[in-house]
There are 2 protein chains.
Amino acid sequence: MARIPSPAPGNRILAAYEFYASDRSAARRLARQIAVEQTVEMPLSAVPAGVREAVVGRIEELHPATTGRWRAVISYEPRLATDLPGLLNLLFGNVSMMSGVRLVDFELPPALLRTFAGPSFGIEGIRRMSRVFRRPLICSAIKPVGLSAKELADLAYRFARAGVDIVKDDHGLADQSYAAFAARVERCAEAVGKANQETGNNALYFPHLTGRLESMEERVETVRAAGCRGVLLAAMLVGLDWFRGFAARGEFAILAHPSFSGAYLQRSCGIAPEALLGRLFRLVGADAVIFANPGGRFPVSRASCEAIAGNLRAPWGDLRAAFPVAGGGVDAKRADYWIERYGTDLILLISSSFYARRDFERAAFELTEKVKRHE
Amino acid sequence: MARIPSPAPGNRILAAYEFYASDRSAARRLARQIAVEQTVEMPLSAVPAGVREAVVGRIEELHPATTGRWRAVISYEPRLATDLPGLLNLLFGNVSMMSGVRLVDFELPPALLRTFAGPSFGIEGIRRMSRVFRRPLICSAIKPVGLSAKELADLAYRFARAGVDIVKDDHGLADQSYAAFAARVERCAEAVGKANQETGNNALYFPHLTGRLESMEERVETVRAAGCRGVLLAAMLVGLDWFRGFAARGEFAILAHPSFSGAYLQRSCGIAPEALLGRLFRLVGADAVIFANPGGRFPVSRASCEAIAGNLRAPWGDLRAAFPVAGGGVDAKRADYWIERYGTDLILLISSSFYARRDFERAAFELTEKVKRHE
């Protein structure tokens, strides 16, 4: 896919959309419709000429994309987006309700981009935290929901002993009665600390920060008190702007989870994975972004996963690079293959592939030993 | 579409999904995959038997839906969802990333439903506020972005004079330099008040509450000081749980806007409009929900719009009924037709159809006079 130039020329916000159209003139009509819908959203004849000139989106490019589809780059006046909710609305507000229109890329002018702090830690920060400077990191999730805090802590202990770098909560773990939030976080943090003392390793435990927004501060305090340096946070469950505000505090490294975001990631509508997970999640401050990897449980293409990883790590204004986290059913046996493809600035999220083995601790140990050779 | 029984039997959370499958056994495999993915999310062989029994989703129904598609009702242990983010994750977290799986309906057991306040005002509350007790209401948006606060206030004044019941900001109006948030809200509220004094009408002005979440309290204070009784709030821009928390305060009536939600509303993935806009938006406290109406600018079906309206108004535990707000390009000439179809517990959102006329104030006046005959 041809990329939008970065930074956006003319200091405008650029958005690339793809959609079905029968021919160039139909494509142009649809592109114009998007440019109007996302800005003045009313009959152009009723818009004063000065406003029309200043505010209506402009078609910068229009050309055929894959079969039957066209790609339009539309530029917007940057003053239209004064914050993240405004930017989301401008890029994909009402147009999200059109049929088969997909936002495939976007770019912000430098002044607007600078209003976003982006990742507070990024790849370098997480590497410093983990004391792993060259090789890929291994992350595993403790699960399933339904286990007690003690049982989950035992899993965390065993993963940490096996050399896993980041032990995270499964995103299904919240504050269920089986293992209430505070009890789980305290026990798991303690268990990972104990394993580190025994092995001399430096495994991190990232609990899933979730709940009603009004009880989040209390939970953050629990996480802080337990000595955790990072959290798992599902951007679409807490809301993108809450995520941004939390990340901007800079206190915890954030591993972003894509739960509830899949409606955006479908093939011919929504937002392209590399734009949503690769750019938007980084913009709002994810230090590492989990995405479903090919060959696992979700139907994703290799090209789009490589594009996500590319966008997370590419130079982008002053934003720190974020870790791609390949997950969603990665087979431990294929770890070398994925490291080869993505490079070493990578976190491999491997859980089920370990659990499926009788001795999951042994399976995790074998992999982490192998991956350490990349250091 | 056959509805899920309400309240959910056996005190479990019910979710109905539709998806493609070649035959019954393929459909059953996919339904099982969903039931596992949304709960334990790991190989069943590695899940302790007690946890498997307690936690894994159960297939309650499985039958063919429309051509090539199947419908499965899966029930979940209610203890898995302790709050809204947890519920979203349970109903449509990872499964949102599967291909062509659509959440078409859900139901909560009474105890869980009671943890949601739902609309604080609802249809009755907005009617009391408007002093319009039987007829449909007319709502119009001031726009476009790019006008000054004074120009927007003049539009608000003219709509209010023309008998419009609710004058709202366009959802594209935020805090742009053309008409900064505080100046706009103050001037528009004042203009609508002036019109009310002159006409004896009781038009309401609902500004668009938007911005960084950390500056929302300041904006709420501006809205409160201006004497506004309600706001326009875009659930997917501020985040569903922030929306819920704000609605639960019960201070402002909330007109929910669907911006950025369209990715969920596509035909064979995401969340069915009647489930997202008709149930989830009501659950999180929308007093009135804007949806794109057929015959306007967006490709929507009459059946799905009627299902949205039906769900917003149907008995549902102790939740107040919410107003359906038909918008997205409704033609003023067709007002009677839509009132006939939806009934009088309806808000018609008509803006472009007025603006397209040379004398929009006259056009709005003619319609409001006609609608008043329904009182």
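Because the structure is a prediction, the values reported are computed rather than measured.

**Student:** Any chance you could explain the overall build of chain A here in plain terms?
**Tutor:** A tally of regular secondary structure across chain A gives 15 helices and 13 strands. In summary, chain A has a C-alpha radius of gyration of 22 Å against a globular reference of 21 Å for 375 residues, a match within 12%. Projected onto its principal axes, the C-alpha positions of chain A cover 70 × 40 × 35 Å. A burial count over chain A gives 64% of its 375 residues as buried. Here the contacts in chain A between residues at least 6 apart in sequence split such that 73% fall between residues at least 24 apart. Carbon and sulfur atoms make up 48% of the accessible area of chain A, which amounts to about 13100 Å² in all.

**Student:** Quick question: what am I supposed to make of the relation of the copies chain B and chain A here?
**Tutor:** Applying a rotation about an axis and a shift along it to one chain copy brings it onto the other copy. Its rotation angle being 180°, the transformation that places chain B on chain A also includes 0.0 Å of axial translation and leaves an RMSD of 0.0 Å. With respect to symmetry, the two chain copies, as superposed, fit the operation of a two-fold axis. Rotation axis and chain B: the residue whose C-alpha lies nearest the axis is Gly239(B), separated from it by 2.0 Å.

**Student:** In this structure, what is going on with the interface of chain B and chain A? I would like to understand it.
**Tutor:** The extent of an interface is frequently quoted as the accessible surface area lost upon association of the parts. Counting from both sides, the interface comprises 74 residues of chain B and, opposite them, 76 residues of chain A. When chain B packs against chain A, the two sides together hide about 6500 Å² of surface, and 59% of this comes from carbon and sulfur. Where chain B meets chain A, there are 8 salt bridges. Put simply, Glu41(B) and Arg297(A) hold a salt bridge, and the shortest N to O gap is 3.1 Å. Inspection of the region where chain B meets chain A yields 30 residue pairs in polar contact (both at pLDDT 80 or more). Breaking the side of chain B that touches chain A down by element, the ones donating at least two residues are helix 1 (24–37), helix 2 (49–55), helix 3 (84–92), helix 9 (235–238), helix 10 (240–248), strand 10 (270–271) and helix 14 (352–355) of chain B.

**Student:** What is the right way to read the side chain of His257(B) from this model?
**Tutor:** With respect to the helices, strands and loops of the structure, His257(B) is situated in strand 9 (residues 253–257). A polar side-chain atom of His257(B) sits 2.9 Å from the main-chain amide nitrogen of Ser259(B). Excluding anything up to four places from it in sequence, His257(B) contacts Asn94(A), His171(B), Leu232(B), Leu233(B), Ala234(B), Ala235(B), Phe281(B) and Ile290(B).

**Student:** Mind showing me how you'd approach the layout of surface pockets here?
**Tutor:** In this approach, a probe sized like a water molecule rolls over the atoms, and the result shows the empty space that is left. In this structure, the second largest pocket spans a volume of roughly 380 Å³. Around the second largest pocket sit 18 residues that line it, and Leu213(A), Trp242(A), Leu213(B), Glu214(B) and Trp242(B) are the ones nearest its centre. Among the secondary structure elements, those contributing two or more residues to the lining of the second largest pocket are helix 8 (216–225) and helix 10 (240–248) of chain A together with helix 10 of chain B. Residues that form the lining of the second largest pocket fall into these classes: 7 nonpolar, 2 polar and 9 charged.

**Student:** Looking at this structure, I do not really get the packing of helix 6 (residues 149–161) of chain B against helix 7 (residues 181–199) of chain B. What am I missing?
**Tutor:** The relative placement of two packed helices is expressed as an angle between their axes plus a distance between the axes. All names here are of chain B. The contact between helix 6 and helix 7 brings their axes to 8 Å, and the two run at 30°. Classified by the interaxial angle, the pair formed by helix 6 and helix 7 is roughly parallel. For helix 6 against helix 7, the interelement crossing comes out right-handed. In contact with Ala 149, Lys 150, Leu 152, Ala 153, Ala 156, Tyr 157, Ala 160 and Arg 161 of helix 6, helix 7 contributes Ala 183, Arg 184, Arg 187, Cys 188, Ala 191, Val 192, Lys 194, Ala 195, Glu 198 and Thr 199. Of the residues in the contact of helix 6 with helix 7, the class split is 11 nonpolar, 1 polar and 6 charged.

**Student:** I would appreciate a short explanation of helix 11 (residues 273–283) of chain B in the present structure.
**Tutor:** Note that an α-helix has 3.6 residues per turn; residues three or four places apart therefore point the same way. Of all 11 residues that make up helix 11 of chain B, 11 are buried, and the element is covered over most of its length. Directly beyond the C-terminal end of helix 11 of chain B, a positive phi value near 110° is found at Gly285(B).

**Student:** Even after reading the chapter, I still don't get helix 3 (residues 84–92) of chain A, so can you show me in this structure?
**Tutor:** All names here are of chain A. In terms of burial, helix 3 is a largely internal element, 9 of the 9 residues being buried. Leu 84, Pro 85, Gly 86, Leu 87, Leu 88, Asn 89, Leu 90, Leu 91 and Phe 92 are the residues of helix 3 that are buried. Taking the backbone nitrogen of Gly 86 as reference, a side-chain oxygen 2.9 Å away marks Asp 83 as the first, capping residue of helix 3.

**Student:** Help me understand the pattern of salt bridges, please; the structure alone is not making it clear to me.
**Tutor:** Here the idea is simple: oppositely charged side chains can pair when their charged atoms come close. Within this structure, the stated rule accounts for 53 salt bridges over all chains. Note that Glu41(B) is salt-bridged to Lys143(A), the shortest N-O span being 3.7 Å. Placement of Glu41(B) in the loop between helix 1 and helix 2 and of Lys143(A) in the loop between strand 5 (137–142) and helix 6 (149–161) is noted, with the two residues assigned to different chains. Lys143(A) shares its class with Glu41(B); the two are buried. Between Arg249(A) and Glu217(A) there is a salt bridge, with the nearest N and O atoms lying 2.2 Å from each other. With Arg249(A) in the loop between helix 10 and strand 9 (253–257) and Glu217(A) in helix 8, this pair connects stretches of sequence that are 32 residues apart. By relative accessible area, Arg249(A) is classed as partly exposed at 40%. Its relative accessible area of 43% is what places Glu217(A) among the partly exposed residues. In the salt-bridge network here, residues are joined through shared partners; they are Glu37(A), Glu41(A), Lys143(B) and Arg297(B).

**Student:** It is not clear to me how the pairing of strand 2 (residues 58–64) of chain A should be interpreted in this structure. Could you clarify?
**Tutor:** On any regular strand, side chains alternate: one points to one face of the sheet, the next to the other face. Residue and element names in this part refer to chain A. The sheet contact formed by strand 2 and strand 3 (residues 69–76) spans 6 bridges and is antiparallel. For Glu 61, the partnering residue across the bridge sits in strand 3 and is Val 73. Here strand 2 folds back onto strand 3, and the loop between the two strands holds 4 residues, one of which, Gly 68, carries a positive phi near 80°.

**Student:** I'm lost on the packing of helix 11 of chain B against helix 12 (residues 302–313) of chain B in this one. Help?
**Tutor:** All names here are of chain B. Look at helix 11 against helix 12: their axes get within 8 Å of each other, and the N-to-C directions meet at 20°. Considered as vectors, helix 11 and helix 12 are oriented roughly parallel to each other. Crossing of helix 11 over helix 12 shows right-handed handedness. Here Pro 273, Glu 274, Ala 275, Leu 277, Gly 278, Arg 279 and Arg 282 of helix 11 lie close against helix 12, whose contacting residues are Ser 304, Ala 307, Ile 308, Asn 311, Leu 312 and Arg 313.

**Student:** Would you take a moment to explain the packing of aromatic side chains for this structure?
**Tutor:** Pairs of aromatic rings are described using the distance from one ring centre to the other and the angle between the two planes. Residues and elements named next belong to chain A. On inspection of all chains with the given rule, the structure shows 25 aromatic pairs over all chains. Considering the side-chain rings of Phe 159 and Tyr 355, the 5.6 Å spacing of their centres and the 80° angle between planes classify their relative orientation as edge-to-face. Separated by 196 residues along the polypeptide, Phe 159 in helix 6 and Tyr 355 in helix 14 (residues 352–355) bring together distant segments of the chain. Here Phe 159 matches Tyr 355 in class, with each residue buried.

**Student:** I keep staring at the sheet that holds strand 4 (residues 102–107) of chain A and nothing clicks. Help me out?
**Tutor:** Picture the strands of a sheet paired through backbone hydrogen bonds; they go either parallel or antiparallel. Residues and elements named next belong to chain A. If you trace the 5 strands from one edge of the open sheet to the other, you get 2-3-1-4-10, paired in mixed fashion. Only two strands of the sheet have a single neighbouring strand rather than two, namely strand 2 and strand 10 (270–271). As paired elements, strand 1 (residues 13–20) and strand 4 share 5 bridges and run antiparallel to each other. When the sheet's bridge partners are listed, Tyr 17 is paired in strand 4 with Leu 103.

**Student:** Looking at this model, I keep getting lost on the pairing of strand 12 (residues 323–327) of chain A. Mind explaining?
**Tutor:** All names here are of chain A. Within strand 12, 5 of the 5 residues are buried, which leaves it mostly tucked inside the rest of the structure. Along strand 12, one buried face is formed by Phe 323, Val 325 and Gly 327 and the opposite face, lined by Pro 324 and Ala 326, is buried too. Across 5 bridges, strand 11 (residues 288–292) lies against strand 12 in parallel orientation. Note on strand 12: the bridge partner recorded for Ala 292 is Gly 327. Each parallel crossover has a hand, and for strand 11 linked through helix 12 (residues 302–313) to strand 12 it is right-handed. Following the backbone out of strand 12, through helix 13 (residues 335–342) and into the adjacent parallel strand 13 (residues 347–349), one traces a crossover that is right-handed.

Calculation criteria
- Residues numbered from 1 in each chain as written.
- Chains lettered and ligands numbered in written order.
- Predicted model: local features only at pLDDT ≥ 70, side-chain atom pairs only at ≥ 80, totals over all residues.
- Heavy atoms only, no water.
- Helix = DSSP H or I, 4+ residues; strand = E, 2+ residues; numbered from the N terminus.
- Rg over C-alpha atoms; globule rule 2.2 N^0.38 Å.
- Buried < 20%, exposed > 50% of the residue type's maximum accessible area, 1.4 Å probe, protein only.
- Contact = heavy atoms within 4.5 Å.
- Areas by Shrake-Rupley, 256 points an atom, 1.4 Å probe, with all protein chains shown as cover.
- Least-squares fit on C-alpha atoms with pLDDT ≥ 70 in both.
- Buried area = accessible area lost by both parts, 1.4 Å probe.
- Salt bridge = Lys/Arg side-chain N within 4 Å of Asp/Glu carboxyl O.
- Polar contact = N/O pair within 3.5 Å; in protein donor to acceptor, adjacent residues only side chain to side chain.
- 1 Å grid on protein atoms, 1.4 Å probe; cavity = no way out; pocket = protein on both sides within 12 Å on 5 of 7 lines; lining within 4 Å.
- Points joined across faces, edges and corners; volume = space filled by probe spheres on them.
- Nonpolar A, V, L, I, M, F, W, Y, C, P; charged D, E, K, R; others polar.
- Axes fitted to C-alpha atoms, helices over the stretch in contact; angles between N-to-C directions.
- Parallel < 35°, antiparallel > 145°, perpendicular 65-115°, else oblique.
- Left-handed = near helix turned anticlockwise from the far one by under 90°.
- Pairing = 2+ DSSP bridges.
- Phe/Tyr/Trp six-rings, centres within 6.5 Å; stacked < 30°, edge-to-face > 60°.
- Right-handed = clockwise from strand over helix to strand, strands pointing away.

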